[in-house]
Amino acid sequence: MGITSMDKYFIYFLITYLVTALLFQLFTKNRRPRIQLQPPPSPPALPILGHIPLLYSSTRPFHKSLTTLAFRDGAPFMRIFIGPFSQFMVVSEASLAKQLVEEHEMSFVTIRLKNHAYGMSNLVLLRSILDSDSQVKRFEHAREREVLRLLEVLVDKAEQGEACDLGAELEKVVNNVLFSMIMKIQSDSYESVKIREFVNGLGAEIGGRSFVLSELFGQFLCGRNKLEGLLLKFDEFLEEIILRHENRGSVTDRDVVDSLKDEEQAADLPRNNIKGVVLETLMAGSGTMSVALKWTLAEIINHPSVLNKLREEIVGVVGLHKLIQDSDIPKLPYLQAVVKEGLRLHPPTPLIMRKCTHGCQIGGYDVIPDSRIIVNVYAIMQDTGTWKFPTEFIPERFLETPSTYNELLVDAKGQNLCYLPFGGGSSACPGARLAINMIQMVIGTLVHCFDFEAKGGINMEEGCLGSSAGMAKPLVCHPIDKHVIKPSAKALSSDFHF
Ligand code: HEM
């Protein structure tokens, strides 16, 4: 078989890459810094390849390989090398994360998704909008409607005795709620299909590739043209949505775009700022919530004792003649504990990325400007120093009194950085309140209304591409209706006007 021009191109690329890497290593090795700095230690690595053999795997997610390396070498703060040009400092201990996220907060910035098309989006503004009571209220109505739709699908499947791809249904619920809350797009409309395609496409381009390979080959692998094409289409779509908002005058049921438009007028915000915020919210909220819902439900199905205990609590408080309401949540501590434990064991964002802007010291080691830092959220929530049996799903750990865990946990936004599924400090997730509410209500309602049968249990294999932490296999099971009285989704939709 002859060598094609594509093969030749790749061979030239590889030779150039290796020669440059060798020269780079020789050059940087012989340069001594004028001031002797002390960087964090680095586990033994190979020349040129660095830690790739320890971190790259086609069967193991990147955050797990990083965790194994940190725990194996007892290195809560370490430097890793991915090839000759790329290095990160990795924090895997709560006390160090606290120094980084709180004490030296001003020395670091978040590394954002590749959202350069709109420049830096105004996240202070987004925070004030998402974390407001009116948004939670709006979210509640859209959430109720979509959860009722999901129940109708499951009742139907239960009556037919059919299996249900619960994972796909949960993704639909999350997306429909987000699209409605952000820009009032109706479920199953043409626009909702379009935007779902866009969010999935962008998610695959940005987050669906091997972290190690993306670092190594950057733009060669990242399909820059495809990314730009997607962003361009999204831009046209958003322009239409914003124009429609401008033309419809004042309304009572306001969405995130309405709030952003007000700010645009009051503070003379550039139009790109609105688009940037919308893009960031869609990308940050969509995958994370559905991943959290799927893992938590899968754990519950695989732990029938947890399911029974949870249902007992819900039936005791809510009964069998109505569904859970927001006001019931404070009376359901076990439900809260189950959701916390799901997020601890399967954090949807297992790695948080920061870049150092001003040199500082973390854990006695020097961090110089431009260093890239990974806070390994997954490792911190698996630390045996804090968590007993950290790999087990044990919601009860959050109910122990007096409990170290409860002290740790007062605020899920990471006030105490042993538990930080939503990050910490002033950069913590602005959607945390909405997300916790959504997960509690969906999980509570499903467990209240159904049993779930999955032959051989749910497969808990983790997908290993990118830096997210999704399930590798679909979450498929047979729902069995427990005949709790459910209102119809249509009845709720009729008093909800777009
Ligand atoms: C279970 C669901 C979710 C999880 C686990 C999660 C987790 C996170 C984490 C770890 C961060 C980074 C925090 C940091 O850098 O310290 C983040 C940022 C962010 N999240 Fe979430 N999130 C979730 C849901 C949502 C939702 C529903 C929304 C919006 C409706 C949202 C919007 C955002 C935005 C806009 C940022 C960027 C904030 C910034 O860079 O300042 N998230 N999220």
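The model shown is predicted, which means the values in this text are computed figures rather than measured ones.

**Quick word on a nonpolar patch on the surface**
A cluster of nonpolar side chains, namely Ile15, Val19 and Leu23, defines an oily patch on the protein surface of about 280 Å² accessible area. Note on placement: Val19 falls in helix H1 (residues 5-30). For Val19, a relative accessible area of 44% corresponds to the partly exposed category.

**Re unusual backbone geometry**
Backbone geometry follows two general trends: most residues other than glycine have a negative phi, and most peptide bonds adopt the trans configuration. At Asp370, a residue that is not glycine, the phi angle is positive and equals roughly 80 degrees. By the element assignment, Asp370 lies in the loop between strand S7 (365-367) and strand S8 (372-376). With relative accessibility at 54%, the residue Asp370 sits in the exposed group. One non-glycine residue, Phe389, lies in positive phi territory at about 40 degrees. With respect to the helices, strands and loops of the structure, Phe389 is situated in the loop between helix H16 (377-380) and helix H17 (404-409).

**Section: the coordination of the iron atom of the ligand**
Donation to the iron atom of the ligand from the protein comes from one atom only, Cys429 (SG), at 2.3 Å. Residue placement: Cys429 occurs in the loop between H17 and helix H18 (432-449).

**Observations regarding helix H13 (residues 271-302)**
For H13, with 32 residues, the first-to-last C-alpha span of 48 Å sits near the 46 Å given by 1.5 Å per residue. Buried residues dominate H13, accounting for 26 of its 32 residues.

**Here's the deal with the pairing of strand S9 (residues 450-453)**
Residues Phe450 and Phe452 point to one face of S9 and are all buried, whereas Asp451 and Glu453, pointing to the other face, are not buried. Sheet topology note: the S9/strand S10 (residues 476-481) ladder contains four bridges and is antiparallel. Each bridged residue has a counterpart across the sheet, and for Glu453 the counterpart in S10 is His478.

**What to know about the packing of aromatic side chains**
Ring pairs (aromatic) are described by centroid distance and by the angle formed between their planes. In total, this model carries six aromatic pairs according to the counting rule given. Taken together, the ring pairs in this structure connect Trp387, Phe398 and Tyr419 into an aromatic cluster.

**Description of the sheet that holds S10**
Pairing is antiparallel in the open sheet, where three strands are placed in the order S4-S10-S9. Only two strands of the sheet have a single partner each, and these edge strands are strand S4 (164-165) and S9. Set on the sheet, H18 makes contact with S9 and S10; between it and S9 the angle comes to about 85 degrees.

**Description of the confidence of the model for the protein**
In the predicted model, the protein carries a mean pLDDT of 84, and 85% of its residues have values of at least 70. Across the protein, the element-wise mean pLDDT spans from 48 in H17 up to 97 in helix H14 (residues 304-318). Across residues 494-498, where pLDDT falls below 50, the model places eleven contacts with residues more than four positions away in sequence or in other chains.

**Details of the side chain of Asn376**
Residue position: Asn376 is located in strand S8. Residue class for Asn376 comes out buried when judged on its relative accessible area of 0%. Side-chain polar atoms of Asn376 contact the side chain of Thr67, separated by 3.0 Å. In contact with Asn376, not counting residues within four places along its chain, are His63, Leu66, Thr67, Val90, Val91, Ser92, Pro350 and Leu351.

**Here's the deal with the side chain of Gln440**
Mapped onto the elements, Gln440 comes out in helix H18. Look at Gln440 and you get buried, because its relative accessible area is 10%. Contacts of Gln440, omitting those with residues within four sequence positions, involve Ile329, Leu335, Gln336 and Val339.

Rules behind the numbers
Residues numbered from 1 in each chain as written. Predicted model: local features only at pLDDT ≥ 70, side-chain atom pairs only at ≥ 80, totals over all residues. Heavy atoms only, no water. Patch = residues over 30% accessible without salt bridge, like charges linked within 9 Å, V, L, I, M, F, W, Y side chains within 5 Å. Areas by Shrake-Rupley, 256 points an atom, 1.4 Å probe, with all protein chains shown as cover. Salt bridge = Lys/Arg side-chain N within 4 Å of Asp/Glu carboxyl O. Helix = DSSP H or I, 4+ residues; strand = E, 2+ residues; numbered from the N terminus. Buried < 20%, exposed > 50% of the residue type's maximum accessible area, 1.4 Å probe, protein only. Donors = N, O, S within 2.8 Å, 3.2 Å for Na, K, Ca; no water. Expected span 1.5 Å × (residues − 1). Pairing = 2+ DSSP bridges. Phe/Tyr/Trp six-rings, centres within 6.5 Å; stacked < 30°, edge-to-face > 60°. Contact = heavy atoms within 4.5 Å. Axes fitted to C-alpha atoms, helices over the stretch in contact; angles between N-to-C directions. pLDDT = per-residue confidence, 0-100. Polar contact = N/O pair within 3.5 Å; in protein donor to acceptor, adjacent residues only side chain to side chain.

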